[in-house]
Amino acid sequence: MSSVTTNPAAAKPAQPSTRELAMGRRIWLATRSSPWFLMGAVLFALLLIMAVVSVFVFQVDPTKMNFVDKFSPPMGAEGAKSQFPLGTDQLGRDMLSRTLVGLQITFLIGLTATALSFIIGSAVGLYAGFVGGKIDQILMRIVDIQMSIPPIILAITILGLARATPALVISVLVLATWPNYARLTRSGALAERSQEYVRAARVLGASNIRIILLMVAPIALPPMAFAAVFDLARMMIFECVLDFLGIGLQPPTPTLGVIIADGRKYLMNAWWIAVLPGVFLMLLLLSLNMMGTALERARNAVFEGAK
Amino acid sequence: MTKELLKVTDLSIANVGPATPRPILKNLSLSVAESETLAILGRSGAGKSVLGRALMGWVDAPLGVTSGRITLEGQDVLGANPDALRRIRGTGIGYVGADPTRVFDPTLPVGRQIADKYRAVRPEVSAKEAMERVHELFSLVRIPEARHRMAELPSKYSGGMIQRAAIVDAMIGETKLVIADNVTQPLDVTVAAQIIRLFQDLRERLGTAFLFITSSVPTIKDFADRIVVMDQGEIVEEGPTPQLLAAPRTEASEKLIAQSPRIWGTTAPESLSAEDIRDMPPALSITALRRTYKVPRKDKLFGSVFVQAVRGADFDVYPGESLAIVGESGCGKSTLMRLLTWLEEPDDGSVQFHGKNVGSFTARERFDLRAQLQLVLQDPYGSIPAHWTIGRTISESLRLHSPLKGKARRARVEETMAEVGLDPALYDKLPSGLSAGQRQRINVARAIVLEPTVLLLDETFSALDPMEQTPLIELFRKLQRERSITCIFISHDLALVRRVASRVAVMYLGRIVEIGSNHNVFSRPLHPYTRALLSAAPTIEDSPYDPNECLVDGEPPSPIRLPKGCAFADRCPVAQEACMSSDPELMRASERSRVACHFPLAALEPASVKDAAHVG
Amino acid sequence: MIATLSFLTRRLSQGALIVFLAALIVFTLLRIGPGDPARMLAGGLSDQASVDALSKQMGLDDPFIVQFGKYIGGIVTHGDFGHSYIRSENGQSVGGGHGDSAGASNRASVISLILGRLPLSLALAAAGLGLALVISAPIGIWAGLRAGKWPDSVTIMGSSILVSMPSFWIAGLLVLLVSIKLQWLPAVGYSGPKYLILPAIVLAIEMAPIFIRTWSSAISSMTRRDFIRVAPVRGLGSKAVFTRHVLRGAAVPFINTLGVMLTSLIGSLLVIEYVFDFPGLGKLTVEAVMQRDFPLVQAIAIVISTFFVLVNIAVDYVSGLFDPRLDY
């Protein structure tokens, strides 16, 4: 008897079908082969390396002023100076080192804020979704209230009152984002809670926390990776917007938002100050959005296929 | 010979995706005559469904037709242009699949969708006429309150009702041939029996030809004129139904017939005798158990409705016996299971475990008791966490309940794995790639590693094919003998229950309506519902019960609005006035049987099981 | 009918509670922050006595909960959101330091300030959103019907690039090109509909890629649904399947995205109005925060929260019309 066409059960051990793998693993397998993901990951890694390495390689101080060399145009433009590949700003500060330090800050704040909102939001969401009942209702009402205060209003209210520090900016970003994760993970936990393996664990007497941490979280969280990647991009934009509006981190800290806001005043005669840091920011966001899109598509394909 | 309707010549279909096309169907030729009922019989994976779809001109990538021709009344199906194909599909051949819920748009009323389809294939029909025609056919397939039903969404339909609607959808364009692919598979036995009778009725009234695709011999044995047996993409045998079943000429046919469920030809497993039972206190004693769910009403500003899932269940389970609880979907089996495993509290009544009332236990006592009462679940895939190794899954029981640690724990798990027939080398492997049968063994190992005294088996064998089922049942017999475990099976599969249970309890709408020994329940059913279940059960051998004599109509009433009297009264063939007004209690009927019926069937001639036990 | 009524009653009452709590949070945040409004209003040169008097007159001495109660009471009973600390009736900042000129009489009522700026913001929002919707629907549907093929890839790439361009940056770029270099359109301020064009384009650039993605993924996931794939086998024509089932099914995710976009609109407007110096609600918000004009900030927060809540109710209601299974 040929096992190829007639007996799927017999064929299984030799040829494990992806259908039986854990969701997270299947999504990852589908994502890994996506050209979008590869392109995004390479771009992201490149920018990350540049931002990290710049600390050691460039000895140029991003805040060091140099009035002789102010408004030096970037490479390729007329009158460019080789020691300033991206030119200098109105105070003669090196744009390349400023941009790279800006990238560093963006990375640092974005990654920290995303990680924190992911942890807080998914903890609330997993617990609420899994336990259900009154606790779920109360937690979800808190989420509703938090979500009904527009993030930008929350941010400018808090930052408009107190002096912005990186920690405060991160808390504002976390405050504005955690409810999204709470909602997303809640529906994941809700779906898992009625699964048979959860019933088996309950009959064994496993506690809620044990089931959530050991069984539900490893299944419900990986599919949310796409949201975290998109959010990382959103957090980064948000952080830059706050700096740009002048209520986030303040000059002379060279964040991308601060540099672009600065450069706007000199658009007429020194376009590079505002435009070039923005190109870096755009590439960073692009890399994240490409990875996010690949992850989201893989997730949708896996979830739709699973039904 | 009547006129030929459908003709398939030398049809081959292959998976043309890979570099070397993999054949799925190999040189098939067959024909269907007008008004004929042809059954395509074969195991899952034999290529039956691919054939069924190809007959509709439905061959999706990566499959492709590599040779052959399909004609309907001389008109080419495979080569038809889109418009012609649409006409063939709408007015020539209709298709009903196994999962009719997937045929309809879930957001639109069913009646409108069928009317839309009718107008798409018969553009001359007005919208009003189309709706009238749908109504007419809804009544023909006996959908109650047809007009009201037409305006409802597919999700409001029960499995049997949506199947009827799908049949209407397939036949509304006055189709000459209806392909029915595995239509009864997801349905409960009494509903499946109704659908088969509906097909017979439609064939007589409308003269439609049917092509019935199935892997279940009993389903078609009284219905099909002719059988075509398929195996590995080929037609291996063909012939008129009685001859083929009586004298199969190929191994494939023989196997299909041999694996078909039997109820009457087998003997029941030995049961505890009445004396034994009297001497022993029950392991588990359930008294007047009730559970009602409160569901908020959507059509009112305030207020809720009450769903009575379990309404006073009573039974005892004795040490070492196997009790089966049988019932159709919605009868409260799952709720009962949750109550027995203390995942939910009953509203009323008690569960006593070896004489102690679980309701009065502290949380700690209950936790300790869990080691003694374990559950083996139905779904071999969903019940095992995919991200845990097999050893981790099984050892979770020990981590929670046993002081064993490290190597000792591992040794214990490996020992148990060997006992249930799993290679201990699989300890560090993930479950992906294991067959359903092997996964079910993991489930069993997880439950018995704690050496429980009571095991609940919730449809444990239902998801397995017959080849995997038998060794697992043997495993249970062995475990039960060696450890004298008390087993409670919950199942809808009568043939299985017949094989494994020493006593049988029949459940209907949240209540046990009959309980007795395996032999008594199967050969001398007392409750009309038990008899209806038995007469609807598809078996290869002739049933001692005439399917038409006791075939119940309709579906169980909703557990929200229960009738005042007996819950079965409106479907019961022998119901009398008393049944409408008073609800019968579960009463002792004989030494070892109890029944909840005002007019138990004892007076009926006891069906002679032995005489009926022959095939064909 | 009863279901609709029940839905609206339930959701509106829940919504009112949510807005109330949101208002309480913003009110608290503003009170615990640094800065004494009375001192600010009285001006740096005023003596402590007059600051105290002003503080008493404004009710700032009352316990916190009384202040909040009075505030909410004013809103509920006669729609009074209070008066700006800073702005006079003619919309000019009167600022601190004018001492006695800061009486409640010539300070602008918050509601009139908001209503004064609202129309321009609405016009900008409508123009930007309209542009985004008109562009995104055909592209997104076109790509969604060709999932996995080149139109799909081009759309993913295009929308990924667009969505990666921060609005404040692309605004600068457009001003540089269109206004400074080419001198086609005016860049900043507002004196006529021409001034709407650039900001609206920036808004559309921000929103269109998200709508495109929604359409394409919703359409492509609909075409993979069983009942869509079976529809031709039932004998339905492809055009009917598309309009009656595919589009209908994709409408629900689209409406949800529209809701999210509507609620994030205020953030986008705020940045864009700031960049283009466009005198709308967004710019008013930034100014109010910068000037610590608490009554104005509070009122804007409440108005926007209310809008949030209403949009969410509307989204759920309309989704329910397209997919009656949704349990509103």
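Numbering of residues starts from 1 in every chain and runs along the sequence as written. Following the order in which they are written, the chains are lettered starting with A and the ligands numbered starting with 1. Local features in a predicted model are, by the rule used here, given only for residues with pLDDT of at least 70; side-chain atom pairs are given and counted only at 80 or more, and totals for whole chains, interfaces and linings are based on all residues. Derived side-chain values reflect all non-hydrogen atoms in the structure, with water molecules and hydrogen atoms excluded from consideration.

Moving on: the domain arrangement of chain C. Residues and elements named next belong to chain C. Parsing chain C into structural domains produces domain 1 (17-112) and domain 2 (114-322). Contacts are assigned to residue pairs with any non-hydrogen atoms lying within 4.5 Å of each other. With 23 residues of domain 1 at the contact, the number on the domain 2 side is 20 residues. Summing the contributions of domain 1 and of domain 2, the shared interface buries around 1900 Å²; its carbon and sulfur component is 66%. Counting the surface domain 1 buries against domain 2, the share from its top three residues, V19, L30 and R87, is 29%. By definition here, a salt bridge exists when the distance from a side-chain nitrogen of Lys or Arg to a carboxyl oxygen of Asp or Glu is within 4 Å. Summed over the shared surface of domain 1 and domain 2, the number is zero salt bridges. Whenever two N or O atoms come within 3.5 Å, that pair is a polar contact, provided that in protein one can donate a hydrogen and the other can accept it, and provided that, for residues adjacent in sequence, both atoms are side-chain atoms. One can count eight residue pairs in polar contact (both at pLDDT 80 or more) joining domain 1 with domain 2. Segments assigned H or I by DSSP are reported as helices when at least four residues long, segments assigned E as strands when at least two residues long, and all are numbered from the N terminus. When contributions to the side of domain 1 that touches domain 2 are tallied by element, the ones reaching two or more residues are α1 (2-32), α2 (37-42), α4 (64-78), β1 (83-88) and α5 (110-144). Where each domain begins and ends follows an automated or database-derived domain assignment. Put simply, buried area is how much 1.4 Å-probe accessible surface two parts lose in total, over both of them, once they are put together.

Next up on the list: the interface of chain B and chain C. Each partner contributes to the interface: chain B provides 26 residues, whereas chain C provides 23 residues. Taken together, chain B and chain C are joined by three salt bridges. The partner of R244 of chain C in a salt bridge is D116 of chain B, and the shortest N-O contact between them spans 3.1 Å. Run the count over chain B and chain C and you get ten residue pairs in polar contact (both at pLDDT 80 or more). For the side of chain B that touches chain C, the elements supplying multiple residues, two or more each, are α2 (82-92) and α3 (110-121) of chain B.

This part takes up the UniProt feature "domain: ABC transmembrane type-1" (unreviewed entry) in chain A. As recorded in UniProt, the sites labelled "domain: ABC transmembrane type-1" (unreviewed entry) are residues 103-292 of chain A. Within the segment residues 103-292 of chain A, helix and strand shares are 83% and 0% respectively, and the terminal C-alpha atoms sit 20 Å apart. UniProt positions are given in the numbering used here, feature names are shortened, and annotations may be inferred rather than shown by experiment.

All names here are of chain B. One requirement defines pairing of two strands: DSSP has to find at least two bridges between them. Strand order in the open sheet formed by four strands is β2-β1-β4-β5, and the pairing between neighbours is antiparallel. Edge strands, defined here as strands with exactly one partner in the open sheet, are β2 (22-33) and β5 (75-76). Direction of pairing for strand β1 (residues 4-15) relative to strand β4 (residues 63-72): antiparallel, over a ladder of eight bridges. Bridging across to β4, A14 finds its partner in G64.

Moving on, we come to the pairing of strand β20 (residues 511-517) of chain B. All names here are of chain B. Using a 1.4 Å probe on the protein chains alone, a residue whose accessible area is under 20% of its type maximum counts as buried, one over 50% counts as exposed, and one in between counts as partly exposed. Counting buried positions over the seven residues of β20 gives seven, a clear majority of the element. Note: strand β19 (residues 503-508) against β20, six bridges, orientation antiparallel. Along β20, the bridge assignment pairs V504 with G516. The turn joining β19 and β20, which pair antiparallel and follow one another in sequence, is formed by two residues; a positive phi near 45° is taken by L509. Where β20 lies against strand β22 (residues 594-595), two bridges are found, and the strand directions are antiparallel. Residue I515 lies in a different strand from β22, and its bridge partner there is R594.

Before going further, it helps to examine the interface of chain C and chain A. Counting residues at the interface gives 49 residues for chain C, matched by 41 residues for chain A. Taken together, the two surfaces of chain C and chain A that pack against each other cover about 4100 Å², and 76% of this comes from carbon and sulfur. Together, S164, F168 and W169 of chain C form the three largest contributors to the area buried by chain C at its contact with chain A, with a combined 16%. Here chain C is connected to chain A by one salt bridge.

What follows deals with the side chain of T91 of chain B. Residue and element names in this part refer to chain B. Within the secondary structure layout, T91 lies in helix α2. Classification of T91 by relative accessible area gives buried; the value is 15%. Among the polar contacts made by the side chain of T91, one reaches the main-chain carbonyl oxygen of R87 at a distance of 2.6 Å. In this structure, T91 is in contact with V121, R122, G173, E174, T175 and K176, ignoring residues within four places of it in sequence.

The terminal C-alpha atoms of helix α10 (residues 225-245) of chain A, which comprises 21 residues, lie 30 Å apart, in line with the 30 Å expected from a rise of 1.5 Å per residue. Looking at the residues trailing α10 of chain A, positive phi occurs at G246 of chain A, about 90°. One less than the number of residues in a helix, times 1.5 Å, gives the span that helix is expected to have.

Here we take up the confidence of the model for chain C. All names here are of chain C. pLDDT expresses, on a scale from 0 to 100, how confident the predictor is about each individual residue. Across chain C, pLDDT averages 83, with 90% of residues at or above 70. The low-confidence segment residues 95-104, where pLDDT is below 50, has 14 contacts with residues more than four positions distant or belonging to other chains. Reported confidences for the modelled complex are a pTM of 0.82 and an ipTM of 0.82.

A separate point is the UniProt feature "transmembrane region" (unreviewed entry) in chain A. Residues and elements named next belong to chain A. This chain's UniProt record puts "transmembrane region" (unreviewed entry) on residues 36-58, 105-131, 152-178, 211-233 and 266-288. The straight-line gap between the two end C-alpha atoms of residues 105-131 is 39 Å; of that span, 100% is helix and 0% is strand. In this annotation, residues 266-288 is assigned 74% helix and 0% strand; the end-to-end C-alpha distance for the span is 30 Å.

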